[in-house]
Structures are given as C-alpha cells and as structure tokens.
Amino acid sequence: MNSKYFVLGGSIKKSLTEGYRFDLKKLLLDALKITRKHFLPLLTACLFLMLVSFSLLTLFIDETSSLDDPKLMVIFFVVALIVIPPLMTGMLMMGVHHSVGLKSKSFHLFNYFNLIFKLSLAAMMINLMTNGASMLLGQVFGGVGFVLSIIVLLYLKMSFCLVYPLIAEKKVSPINALKLSFKLVHKNIGQFTQLLIIFCVLFIIGVLTSGLGLLFVIPYSINVMGIVYREICGVSVSVTEATGVGSLHEGHDDKDNDDNDSGNNSSGPKSGGFEA
C-alpha cells in the first residue's frame, strides 16, 4: 500500500533562520481541547510516572541515614538516568501525536526504550550542567546561591525542553539535540519564559490541591509542549492511501522537510501504534 508523507507545523530550518512566534492564547486553548479529548491515556501514563517517582522518593526517605550507600546511589542512577528519560520521552511524544490529531494509548509510554542509550546520554549531559551550575553557585554565593541555582535549573530545563522529542522524532544525536533545542528556544526566549511561568503557576496550584490538580496539570502541560514542538520543528506524518490511517513518519531530516513541503512522497518508517 502506498503512503503519502507530509509535514504538519513548522520546520527546524525556518525556525532557526526566520524565527517564530506563538499565539499563546490560542496555543493554551487548543491544548485544553486536546487534553479533554485525549485525557485518559495521558492520565494513566502520568499516574505511572508519579508512582515511579514516589517510589524513588520513599526509598530515599527510608534510607536517609545511609545516603552514601553505593547500592542506593546505583538505584538512583538507574532510575533517574536510565528509566525516567525513555518514559518522559514516551509521554512527550504522546503530546506530539495529539498535536497532529493522532490517538495514543497508555502503553505508548514505553515506545522509546529502543532509544535508551541516546536518551540517557542526553539526560546525563543535562544533569551534569544543572548539577555543576548548582554546586558552583552554592560555593560562590552561599545561601543566595541556592535561589540562583533554582533559577538556573529552570532556565536550563527550559532551554533543553525539546531534546527528547528531537531525538525520538527527528532521530538526531544527543549532542545535536541539545544544540538544536538551545538555539530554537533562544529564538523566542521571551514567550518560552512566559510559558515557563504559566507552568510554574499551574504546578503550584496542582500541589496546593493536595496533588490532585497535578493529574490535570501534567497532561495539559504535555499537550502544550506537543503543540509547541509541532509549531517549531514540524511533525512528519504518513497516511496510507488505501485506509486513510495516519501515523508519524519518524526519523526524517531537513531534506525530508523540504521534499514534503514541495509535495513529493518519500519512503520511511512509520511510528507504529499511533492511529488517527
């Protein structure tokens, strides 16, 4: 069966050369509509991630007196740098799929463990930067350094928020994903900062409701980021002519973007599992 491939949204090349702007009001309202439509799969995925995080936190609380225990540090390393990145990528990619009108299921959270090396390497580099900055600020500025380290942490997390989708959808290397994410975010740092503030406010509200609000805030934030990724990087979609079923065409590059924009068909792997 023949498939047609095309790109929805923007393109990396155009975003880097010409820049981009969001209609924040429309973006947030569109994400709300998408969240209502695709709430259950993201809620289930969110609950699983929260369970993993809570289990890790409980482990550390129970073993407070032996934080230097090598076994405990190995467990933390495995969870934080090996298990969490593929799960976070699966959740973010669910938002990307929703942004182009594709359905998702809760088990799609586990779709990206085949990229575990690249994702873990990217997570390690981000953590090295954030932890290094925090230690440096703490030593130089003392108590004030703690506040500064939080600001720097939020800034770096914002700067590298596109890394996981770029690795998963564009199949770029971890280093290139970090560079691209940093450059793309700083092309419109003002609106990204506004989004960061909105996310922080929503998160605080979610926490103040005994954590129940987070069950909506997190899926909603994931769908916001899905739309943001679509508008900045573009999402390559394939449609099977005979069935009309759509799926993501993952692993295309800038040349694929140019070909698809001009209406040419190309061949490539389908994402597998996500249906229109």
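Residues numbered from 1 in each chain as written. Predicted model: local features only at pLDDT ≥ 70, side-chain atom pairs only at ≥ 80, totals over all residues. Heavy atoms only, no water.

Peer 1: Explanation requested: the packing of helix α5 (residues 116-141) against helix α6 (residues 143-159) in the structure shown.
Peer 2: In a pair of packed helices, the angle between the axes and the distance between the axes together describe the arrangement. Put simply, α5 and α6 touch, their axes get as near as 7 Å, and they point 160 degrees apart. It follows that α5 is roughly antiparallel to α6 by the angle criterion. You can see that α5 and α6 cross each other, and the crossing is right-handed. Where α5 approaches α6, its residues Ile126, Asn127, Met129, Thr130, Ala133, Ser134, Leu137, Gly138 and Phe141 are matched on the opposing element by Gly143, Val144, Gly145, Leu148, Ser149, Val152, Leu153, Leu156 and Lys157. For the contact of α5 with α6, the residue count by class is 10 nonpolar, seven polar and one charged. (Axes fitted to C-alpha atoms, helices over the stretch in contact; angles between N-to-C directions. Helix = DSSP H or I, 4+ residues; strand = E, 2+ residues; numbered from the N terminus. Parallel < 35°, antiparallel > 145°, perpendicular 65-115°, else oblique. Left-handed = near helix turned anticlockwise from the far one by under 90°. Contact = heavy atoms within 4.5 Å. Nonpolar A, V, L, I, M, F, W, Y, C, P; charged D, E, K, R; others polar.)

Peer 1: Is there a simple way to think about a nonpolar patch on the surface in this case?
Peer 2: Where nonpolar side chains cluster on the molecular surface, the patch consists of Val74, Phe77, Val78, Met124 and Leu128 and spans about 420 Å² of accessible area. Listing elements by their share of the nonpolar patch, those giving two or more residues are α4 (70-99) and α5. Broken down by element, the nonpolar patch gets its largest block of residues, three residues, from α4. Tracing the backbone through its elements, the reader meets Met124 in helix α5. (Patch = residues over 30% accessible without salt bridge, like charges linked within 9 Å, V, L, I, M, F, W, Y side chains within 5 Å. Areas by Shrake-Rupley, 256 points an atom, 1.4 Å probe, with all protein chains shown as cover. Salt bridge = Lys/Arg side-chain N within 4 Å of Asp/Glu carboxyl O.)

Peer 1: I would appreciate a short explanation of the packing of aromatic side chains in the present structure.
Peer 2: In this description, an aromatic ring pair is defined by two values, namely the gap between the centres and the angle between the planes. Summed over the entire model, instances satisfying the criterion amount to five aromatic pairs. Each ring, one from Tyr20 and one from Phe22, has its centre 5.4 Å from the other, and the planes form 50 degrees; the classification is tilted. A centroid spacing of 6.0 Å and a plane angle of 70 degrees characterise the contact between Phe22 and Phe192, whose relative ring orientation is edge-to-face. Placement of the pair is Phe22 in the loop between α1 (12-18) and α2 (24-37) and Phe192 in helix α9 (residues 189-208), with a sequence separation of 170 residues. One exposure class covers both Phe22 and Phe192, and it is buried. These aromatic residues form a ring-pair network of at least three members: Tyr20, Phe22 and Phe192. (Phe/Tyr/Trp six-rings, centres within 6.5 Å; stacked < 30°, edge-to-face > 60°. Buried < 20%, exposed > 50% of the residue type's maximum accessible area, 1.4 Å probe, protein only.)

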